[in-house]
Amino acid sequence: MVREALVPHAWRQRQVADASHLVVLAVRNGYAETDVDANLFRMAEVRGGTPDALMGFKNMVMKTLVHGMSQEDLAQWAKCQAYIALGQFMAVAALLGIDTCPMEGFVPAKMDEALGLATRGYTTAVLCPAGYRSEDDRYAYLPKVRFQPEDVIEHV
């Protein structure tokens, strides 16, 4: 089972294999003009118009994403984009009564290898097991421990 093979690379956290579903959010390792063009063609298809009408947007994206950022900054930007999707996934799951557990505790290179992502130009950004909690989960009913709001929120 693929998910069982992921457990050692997720710091032995069993929910990777035990949850009914595992969502792996992966991001591209880099962007090229062909990626920008594919996005522009899709924008034109969905919104109407032509890719030529979007040349100003294309030039901005090329200047920023393809030519303007270091690989480290681009990787961080892409990971932040994945977290936007993660937040939406978790919010919708919660509305449906489904528990989720976002995880950064894993070795990305090992995950990428196990999932065949590296050869496809992607890397794992975050994992999110999802499912219904077990009645036997001893942690499910313990009070959540959080900092006091005044310790983490500053009003200015």
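Since we're looking at a predicted model, the values are computed, not measured.

Considerations on the sheet that holds strand 3 (residues 122-131)
Pairing within the open sheet is antiparallel, and its three strands lie in the order 1-3-2. With one partner strand each, in any of the chains shown, strand 1 (21-28) and strand 2 (99-100) form the two edges of the open sheet. Here strand 1 runs beside strand 3; their pairing, made up of eight bridges, is antiparallel. The residue bridging Arg28 from the neighbouring strand is Tyr122, located in strand 3.

Section: the pattern of salt bridges
Applying the stated criterion across every chain, the model contains eight salt bridges. One salt bridge connects Lys58 with Glu33, and the closest N-O pair in it is separated by 2.8 Å. Of the two residues, Lys58 is situated in helix 4 (residues 55-66) and Glu33 in helix 3 (residues 33-47); the sequence distance between them amounts to 25 residues. A salt bridge links Lys58 to Asp37; the shortest N-O distance between them is 2.7 Å. In this pair, Lys58 sits in helix 4 while Asp37 sits in helix 3, placing the two residues 21 residues apart along the sequence. Asp37 sits in the partly exposed class, given a relative accessible area of 22%. Taken together, the salt bridges that share partners define one network made up of Glu4, Arg14 and Asp18.

Definitions and limits used
Residues numbered from 1 in each chain as written. Predicted model: local features only at pLDDT ≥ 70, side-chain atom pairs only at ≥ 80, totals over all residues. Heavy atoms only, no water. Pairing = 2+ DSSP bridges. Helix = DSSP H or I, 4+ residues; strand = E, 2+ residues; numbered from the N terminus. Salt bridge = Lys/Arg side-chain N within 4 Å of Asp/Glu carboxyl O. Buried < 20%, exposed > 50% of the residue type's maximum accessible area, 1.4 Å probe, protein only.

Treat this as a map of the structure, not an account of what it does.
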